[in-house]
Amino acid sequence: MKKILMILTSHEEMENTDSKTGVWLGEFTDPYYEFIDAGYEVTLASPKGGRPPVDPMSTVTENITAANRRFQDDTVAQQKFNNTLRLEDVRTGEFDALFYPGGHGPIWDLAGSTISAEIILDYLGAGKPVAAVCHGPAALIKVAELQPGFLQGKRITGFTNTEEALAFRSDNVPYKLETKLKELGASFHSAVVPFTSHIERDGLLITGQNPLSAGPTAKALIGFLEREA
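Nothing here was measured: the structure is a model prediction, and the numbers come from that model. Throughout, a residue's number is its position along its own chain's written sequence, starting from 1. Given that the model is predicted, a residue must reach a pLDDT of at least 70 before its local features are reported, and side-chain atom pairs must reach 80 or more before they are shown or counted; all residues, however, enter totals for whole chains, interfaces and linings. Excluded from the side-chain calculation are hydrogens and water; included are all heavy atoms of the structure.

Caption draft 1: Representation of the pattern of salt bridges in the model. Salt bridges are defined as contacts in which a side-chain nitrogen from Lys or Arg sits within 4 Å of a carboxyl oxygen from Asp or Glu. Inspection of every chain in the model, using the stated rule, returns nine salt bridges. Between arginine 86 and aspartate 89 there is a salt bridge whose closest N-O contact spans 3.1 Å. On the basis of relative accessible area, arginine 86 is assigned to the partly exposed category, the value being 36%. A salt bridge links glutamate 200 to arginine 155; the shortest N-O distance between them is 2.9 Å. Here the residue glutamate 200 occupies a position in strand 8 (residues 199-202), and arginine 155 occupies one in strand 6 (residues 155-156), the gap between them amounting to 45 residues. Exposure is judged per residue with a 1.4 Å probe applied to protein chains only, and the accessible area is read against the type maximum: over 50% gives exposed, under 20% gives buried, and values in between give partly exposed. The class for glutamate 200 is buried, based on a relative accessible area of 6%. Here arginine 155 falls in the partly exposed class, since its relative accessible area comes to 36%. The structure contains a network of salt bridges with shared partners spanning Arg86, Glu88 and Asp89. A run of H or I in DSSP counts as a helix once it spans at least four residues, and a run of E counts as a strand once it spans at least two, with each numbered from the N terminus.

Caption draft 2: Inspection of the pairing of strand 1 (residues 3-7) at higher detail. Counted residue by residue, strand 1 has four buried out of five residues, so it is predominantly covered. DSSP-based pairing: two strands are paired if at least 2 bridges between them are found. For strand 1 and strand 2 (residues 41-46), the ladder comprises five bridges, and the chain directions are parallel. If you follow leucine 5 over to strand 2, its bridge partner there is threonine 43. Viewed with both strands pointing away, a crossover whose connecting path from the first strand over the helix to the second turns clockwise is right-handed. Viewed along the sheet, the connection from strand 1 through helix 1 (residues 25-37) into strand 2 turns out right-handed. Where strand 1 meets strand 4 (residues 97-100), three bridges bridge the pair, whose relative direction is parallel. The partner of leucine 5 across the bridge, within strand 4, is leucine 98.

Caption draft 3: Layout of the pairing of strand 2. Of all six residues making up strand 2, five are buried, and the element is well covered by its neighbours. Inspection of the sheet shows strand 2 paired to strand 3 (residues 85-86) by two bridges, in the parallel sense. For serine 46, the partnering residue across the bridge sits in strand 3 and is arginine 86.

Caption draft 4: Focus on the packing of helix 1 against helix 8 (residues 214-228). Angular values range over 0 to 180 degrees, each being the angle between N-to-C directions of two axes fitted as lines to C-alpha atoms, with helices fitted over their stretch in contact. Orientation of helix 1 relative to helix 8, taken along the N-to-C sense of each, is 35 degrees, at an axis distance of 8 Å. At the point where helix 1 passes helix 8, the crossing takes the right-handed sense. Of the residues in helix 8, those in contact with Gly26, Glu27, Asp30, Pro31, Glu34 and Phe35 of helix 1 are Ala214, Gly215, Ala218, Lys219, Leu221 and Ile222. For the contact of helix 1 with helix 8, a count of residues per class yields six nonpolar, two polar and four charged. Take the far helix as your reference; a near helix turned counterclockwise from it by less than a right angle gives a left-handed crossing, and one turned clockwise gives a right-handed crossing. Contact between two residues is taken to exist if any of their heavy atoms lie within 4.5 Å; hydrogens are not considered. Each residue is assigned to one class: nonpolar for Ala, Val, Leu, Ile, Met, Phe, Trp, Tyr, Cys and Pro, charged for Asp, Glu, Lys and Arg, and polar for all the others, Gly among them.

Caption draft 5: Spatial organisation of the nonpolar core. For our purposes a nonpolar core is just a set of buried Ala, Val, Leu, Ile, Met, Phe, Trp, Tyr and Cys residues, chained together by side-chain atoms within 4.5 Å. Of all hydrophobic cores here, the largest spans 36 residues; its most connected members are Leu98, Tyr100, Ile120, Val130, Leu151 and Leu181. Counting 30 residues, the second-largest nonpolar core is a separate cluster that includes Leu8, Phe81, Val133 and Ile206.

Shown next as structure tokens:
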């Protein structure tokens, strides 16, 4: 049985606002059930452990996905979500792949996490795939700090500057993810139409642009694992 380690944010504060952020719920639930339905075992971890904060906007009616509704009735998944392992306590070597959901939280904590970055480098060095969606690719920022040039020329995607503006969050974040990734040398690509699904793959690295890309990013990771099996 394939094992996936999903690494979620523990950060909920935003800048210049009382609004909260955290995990974008559908970016956890959509991939989670793709993995579960494929017969995979999923373990959840976060920097602080326990229940990750959930972006309130991801639970409003227009943003609720079928996977969100499934999660509401899934006591096993809720138990896992409410009790994520502390990242530093996870035996990360026993998993076959990493997956980073988004929500704005990762641009603060996972972007600066040495533990997370070292895990990513270990996985890629071992030939294991790493996938991230929306703001999840912020976890690659620390990787590029530990290994200068890591992102140079890599084809990746993530939440775009345009989408940030359309989400009215541009003034509440310390930097724009697209801009930061480009500054680090990434070959950043995105869908022509904002908030439509888009995925990039560069070797072992799979990235998705936005919430609608969460399920497809998980499917791309599953496809990679099945081909390598």
